[in-house]
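Observations on chain architecture
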Amino acid sequence: MYDELTEVDIKKMKEEIDYRVRELRPKLIEDVQTARAFGDLSENFEYKCAKQEKNRNDSRIRYLQRMVSTAKVISTDSGEDTVGLFDKVVAFHEKLGREMTLRIVTTLRSDAGKGLISKESPVGKAILGRKAGDRVHVKVSDDVQYDMVIRSIEKGEDDESLEIRKY
C-alpha cells in the first residue's frame, strides 16, 4: 500500500525526520541518561517519562521514513475549471442549508476543523474533478448521505504553508 503525496509533502517529512534525528533524538537520549542517574528505576517517574518521549520520537521517525519510502508522488495539476488538489471550493450543503468553504488537500495535511478536506474523504472524492455548478452526491455510509452544489472554485497551489499532521 502506498500513500499519494506531493513533492512538498515529502520535503516536509524529510525535514521533520532530519530535525528529529539530528536535534531532538540526542536531547532525548541525554534526558533519559540524566533521569536514570536519579536512582531507583522502579520508582523513577522522570526516567519513565523521558524513555516514553524518546520512544515516541523514534516511532515518529520510523513512521515518516516508511511514508517517504512507500509514497507515490502525485501531480497537483488540474483543469482550469475543475476542482483539483489545493483548490478552495465553496459548496452549498443542501441538507444543512448553508455554504461551506473547503480546500482539497492530501491526507497528510487534512484538518476538517480548518476546512482542509482530504482528497480521499467522501467529500473530497465527490468533488475532485468536478466543475462549478455541478451537484454532487456525498456518501459517508449507507445511513449518511447528502448532496452538495459546487458554487465556485478558486485555483490553489501546493505551498509550504500547510503543515503535515503531527500524530
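For the structure itself, consult the block above.
Residues numbered from 1 in each chain as written. Predicted model: local features only at pLDDT ≥ 70, side-chain atom pairs only at ≥ 80, totals over all residues. Heavy atoms only, no water.

A few words now on the nonpolar core. Grouped together as the largest cluster of nonpolar side chains are 21 residues, with contacts concentrated most on Leu102, Val123, Ile127 and Met148. For this core, the elements supplying multiple residues, two or more each, are β3 (88–93), β4 (98–105), β5 (116–118), α3 (122–127), β6 (135–139) and β7 (145–154). Top element by residues in this core is β4. It accounts for four residues. Not counting residues up to four positions away in its chain, the partners in contact with Val123 are Leu102, Ile117, Val138, Tyr146 and Met148. Listed in part, the eight residues of the second largest apolar core include Ile17, Leu64, Met67 and Leu108. (Core = buried A, V, L, I, M, F, W, Y, C linked by side-chain atoms within 4.5 Å. Buried < 20%, exposed > 50% of the residue type's maximum accessible area, 1.4 Å probe, protein only. Helix = DSSP H or I, 4+ residues; strand = E, 2+ residues; numbered from the N terminus. Contact = heavy atoms within 4.5 Å.)

The interhelical angle for the contact between helix α1 (residues 7–36) and helix α2 (residues 45–70), taken along N-to-C directions, is 160°, at an axis separation of 9 Å. The angle between α1 and α2 places the two elements in the roughly antiparallel class. Every pair of crossing elements has a handedness; the one defined by α1 and α2 is left-handed. For the contact of α1 with α2, the class distribution of residues is 15 nonpolar, two polar and 12 charged. (Axes fitted to C-alpha atoms, helices over the stretch in contact; angles between N-to-C directions. Parallel < 35°, antiparallel > 145°, perpendicular 65-115°, else oblique. Left-handed = near helix turned anticlockwise from the far one by under 90°. Nonpolar A, V, L, I, M, F, W, Y, C, P; charged D, E, K, R; others polar.)

Here we come to the side chain of Arg20. Relative to the elements of secondary structure, Arg20 occurs in helix α1. Look at Arg20 and you get buried, because its relative accessible area is 10%. Side-chain polar atoms of Arg20 contact the side chain of Asn57, separated by 2.7 Å. (Polar contact = N/O pair within 3.5 Å; in protein donor to acceptor, adjacent residues only side chain to side chain.)

We now examine the sheet that holds β5. Strand order in the open sheet made by the five strands is β5-β4-β3-β7-β6, with mixed pairing throughout. Each having just a single partner strand, β5 and β6 make up the two edges of the open sheet. The mean angle between the axes of side-by-side strands here comes to 45°, regardless of whether they run parallel or antiparallel. Direction of pairing for β3 relative to β7: antiparallel, over a ladder of six bridges. By the bridge assignment for β7, Lys88 is matched with Glu154. (Pairing = 2+ DSSP bridges.)

Under the defined criterion, the tally for this structure stands at 22 salt bridges. Two residues, Asp58 and Lys54, come together in a salt bridge whose shortest N-O distance is 2.8 Å. In this pair, Asp58 and Lys54 both sit in helix α2, four residues apart, roughly one turn of the helix. For Asp58, a relative accessible area of 12% puts it in the buried group. The shortest N-O distance in the salt bridge between Asp87 and Lys155 comes to 2.8 Å. Of this pair, Asp87 sits in the loop between β2 (72–73) and β3 while Lys155 sits in the segment after β7, and the two are 68 residues apart along the sequence. Each of the salt bridges in this network shares a partner with another, and the network as a whole consists of Glu4, Lys119 and Glu120. (Salt bridge = Lys/Arg side-chain N within 4 Å of Asp/Glu carboxyl O.)

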